[in-house]
Amino acid sequence: MRVLKESLGGAVALSLVLGIALHAVAEKTPGYNNEIPKSILTPDRVETPIGDLNFFDGMPNEATVRKVYDNLIFMRGVEAFLSGIPATSIEAIRLGCVEIGAKRASDVVIFDKLMDSNPLFLTGNTDTVYASAILELDRDGPTVVVIPAGCGPGTVDDAWQRFVVDMGAPGLDKGKGGKYLILPPDYEGPLDPPVGGEFAEVDGEKYIVARSTSFVNWLILRGFLVDGKPEAANAMFRNGLKIYSLKDKQNPPRMKFISGSEVPFNTIHANDFQFYEELHRVIDREPVSMLDPELRGMIASIGIQKGKPFEPDARTKALLTKAVSVGNATARAIFFRPMKEAFLYEDSGWFAAFVGGSHEWLKDKGLGGRYLDARTLCFYMGTVNTPAMVNKMVGAGSQYAIIAVDKNSDYLDGSMTYKLNIPAKVPAKDFWSVVVYDPQTRSQLQTDQPFPAKNNKRHKLDINEDGSVDLYFGPKAPVGKEANWIQTVPGKGWFTCLRLYGPLEPWFDKSWRPGEIELVK
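The rules behind the values
Residues numbered from 1 in each chain as written. Predicted model: local features only at pLDDT ≥ 70, side-chain atom pairs only at ≥ 80, totals over all residues. Heavy atoms only, no water. Helix = DSSP H or I, 4+ residues; strand = E, 2+ residues; numbered from the N terminus. Buried < 20%, exposed > 50% of the residue type's maximum accessible area, 1.4 Å probe, protein only. Contact = heavy atoms within 4.5 Å. Areas by Shrake-Rupley, 256 points an atom, 1.4 Å probe, with all protein chains shown as cover. Lys, Arg positive; Asp, Glu negative; His and termini not counted. Charge placed at Lys NZ, Arg CZ, Asp CG, Glu CD. Arc of directions from axis to C-beta. Polar contact = N/O pair within 3.5 Å; in protein donor to acceptor, adjacent residues only side chain to side chain. Phe/Tyr/Trp six-rings, centres within 6.5 Å; stacked < 30°, edge-to-face > 60°. Pairing = 2+ DSSP bridges. Salt bridge = Lys/Arg side-chain N within 4 Å of Asp/Glu carboxyl O. Patch = residues over 30% accessible without salt bridge, like charges linked within 9 Å, V, L, I, M, F, W, Y side chains within 5 Å. Core = buried A, V, L, I, M, F, W, Y, C linked by side-chain atoms within 4.5 Å.

### Re the overall build of the chain
Then comes step 1: The number of helices and strands found in the chain is nine helices and 22 strands.
Then comes step 2: Based on the C-alpha atoms only, the size of the chain along its principal axes is roughly 110 × 65 × 60 Å.
Then comes step 3: The buried share of the chain, taken over its 521 residues, is 52%.
Then comes step 4: Contacts in the chain between residues far apart in sequence, at least 24 positions, make up 73% of those at least 6 positions apart.
Then comes step 5: Accessible area for the chain stands at about 24,800 Å²; split by element, carbon and sulfur atoms hold 54% of it.
Then comes step 6: Between the centroid of the 59 positive side chains of the chain and the centroid of its 64 negative side chains there is a distance of 2 Å.

Now the structure itself:
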């Protein structure tokens, strides 16, 4: 019996070995000694969205090589557009300021009569006095900005629209005024301030010191209205705002204030091939250290590199022209039909301008890396990057909600008449406003009304018995609703932004919410 068992065991073992060997022979991949996983092999023909790709034993033929290289330029052109929007937007603001005469840091563009619909400015408000200046630290070196007491929110952003420092109410001066010193990226000295700045003594004087990663920086300040009028804010800026190079502190240049109100000029980046030329100017001017090698390399792969001319051949230019069109369409889809987490309420068209709760666009506290689509949504729609825009600041700062569709999720049509109910007890300590914008320019809609907006402090609005306010939008005012009407343009679309200045807790806990936009039939 023992011999029989040993014989049977040996037979089973032998059959297993032979089976495995026969299986290996049977499954051997043609052209190989063994079975090769299919997942690592490339078929001779592959169908893809860019056409059929053909290979000889994994090696692409000439047509396929050209096709995928063209696609690589195209893809990177799209990505350069989406990633470069923050930079070209700052560049367009710089050029717009130069266009109307602001050529030095001490030349300030001030919207002394408020911002109306003449300037092309991404989602500018009609509710505060803007003061805007461009700092050029490569020309001027460390630059002093003296902020007057009572200044509203102010920010310096670098050339890639990244946060440098807040000023005024959200800044370290806390609205009491102070001297800020902005250091250039090539500064060599003992000062090493963190992002957002810190107090430091320089040459016996106390400053709030911040350092930028770029030479060009955008300074944007806001002054609040008093009794609905801009005069107090204008006087504050004209009498108290000073900008000069630190080396000129003993004899600073005279400030020049240039009115931007009622002046047609453009501050918006291009959406065609010119976009890449704008981006090249930024890359060529700014230090290499401004961008990480990964992003810089992606941009360089389409021919935009520091120290080199941007002169693409006809084939590359044609590909980039198509790429910018797709990039622009992508940005518009992200903005006008945003991701689910952008929406403020269930079954609502209202969405947030700043998604993710991080001015650095870090998703899930960085676990999700950079929230690229949230960044695109924000910067294709607007400007200014600051923690104050995303932080919960009850009774301070401002909050925004945007809507571009009616309650049926159809785009808003300027040929039609709509109604928006603003419920009673709006949770805004200071005031609230609604401004209408053009979907093409993302600037204020140009109509017979120079200010396409309503503000509960500036305008005498008709109020319903329950304390709510009905606003009307359309080419003509409904009879008896003129006080609450904002004009739209037949044949054009529109979107609107609700702003709450000094937002209160019911806004943050969502116990208060605006109505949806309804078509009036």
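### Some points on helix α6 (residues 293-300)
Then comes step 1: Among all positions in α6, only L295, R296, M298 and I299 are buried. Seen from one end, α6 has its buried residues packed into an arc of 160 degrees, which puts them on one side. For α6, the exposed residues set more than 90 degrees away from the buried face come down to P293 and E294.

### Brief notes about the environment of D157
Then comes step 1: Among the secondary structure elements, D157 is positioned in strand β7 (residues 153-157).
Then comes step 2: For D157 and V384, which are 227 residues apart along the polypeptide, the C-alpha to C-alpha distance reads 7.0 Å.
Then comes step 3: Leaving out residues up to four positions away in the same chain, D157 has contacts with R162, F163, V164, N217, W218, V384 and N385.
Then comes step 4: A distance of 2.7 Å separates a polar side-chain atom of D157 from the backbone nitrogen of N385.

### A look at the packing of aromatic side chains
For any pair of aromatic rings, geometry is given as the distance between the ring centres together with the angle between the planes.
Then comes step 1: The tally for this structure, following the rule as stated, stands at 22 aromatic pairs.
Then comes step 2: When the ring of F121 is compared with that of W218, the centres are 6.3 Å apart and the planes differ by 45 degrees; the resulting orientation is tilted. Here F121 is found in the loop between β4 (107-110) and β5 (128-136), whereas its partner W218 is found in strand β12 (residues 216-224), with 97 residues between them in sequence.
Then comes step 3: When the centroid spacing of 5.6 Å and the interplanar angle of 75 degrees are considered together, the rings of W361 and F379 count as edge-to-face. Pair noted here: W361 is in the loop between α7 (314-336) and α8 (372-381) and F379 is in helix α8, with a separation of 18 residues, a long-range link.

### Things to note about the sheet that holds strand β2 (residues 51-56)
Then comes step 1: With antiparallel pairing, three strands are arranged side by side in an open sheet as β1-β2-β3. Edge positions in the open sheet fall to β1 (45-48) and β3 (59-60), since each of these has one partner strand only.
Then comes step 2: Sheet analysis places β1 next to β2, joined by four bridges and oriented antiparallel. Across the sheet, the residue bridging to E47 is D52, located in β2.

### Here's the deal with the environment of F215
Then comes step 1: Counting through the fold element by element, F215 comes out in the loop between β11 (205-211) and β12.
Then comes step 2: Each C-alpha atom, one on F215 and one on G141, is 8.7 Å from the other, the two residues being 74 residues apart in sequence.

### Examining the pattern of salt bridges
Then comes step 1: Tallied over the entire structure, the rule returns 19 salt bridges.
Then comes step 2: Linking D158 and R162 is a salt bridge whose minimum nitrogen-to-oxygen distance equals 2.9 Å.
Then comes step 3: Looking at D158, the relative accessible area reads 2%, which means it is buried.

### Considerations on α8
Then comes step 1: Counting buried positions over the 10 residues of α8 gives eight, a clear majority of the element.
Then comes step 2: Every buried residue of α8 is listed here: A374, R375, T376, L377, C378, F379, Y380 and M381.
Then comes step 3: The inward-facing, buried residues of α8 abut α2 (62-99), α7 and β15 (398-403).

### Quick look at the side chain of D470
Then comes step 1: Here D470 is to be found in strand β19 (residues 469-474).
Then comes step 2: An unpaired buried charge is present at D470: no salt bridge exists, and K419, the closest side chain of opposite charge, is 4.4 Å distant.
Then comes step 3: Looking at D470, its side chain comes within polar contact range of the side chain of N464, at 3.1 Å.

### Things to note about a nonpolar patch on the surface
Then comes step 1: A surface patch of nonpolar side chains, about 280 Å² in accessible area, is lined by Y32, I40 and L41.
Then comes step 2: Mapped onto the elements of the fold, L41 is located in the loop between α1 (2-26) and β1.
Then comes step 3: Given the relative accessible area of 32%, L41 is considered partly exposed.

### Overview of the nonpolar core
General note: in soluble globular proteins, nonpolar side chains tend to be found buried as a group.
Then comes step 1: One finds F81, W160, Y276, L279 and I299 to be the most contacted residues of the largest nonpolar core, which totals 73 residues.
Then comes step 2: Sort the elements by how many residues they give to this core and α2 lands first, with 10 residues.
Then comes step 3: Setting aside anything within four residues of it in sequence, one finds F81 in contact with H269, A270, N271, F275, Y276, V324, G327, N328, A331 and Y380.
Then comes step 4: If you look at the next biggest cluster of nonpolar residues, it comprises 30 residues, including A131, L137, V145 and M167.

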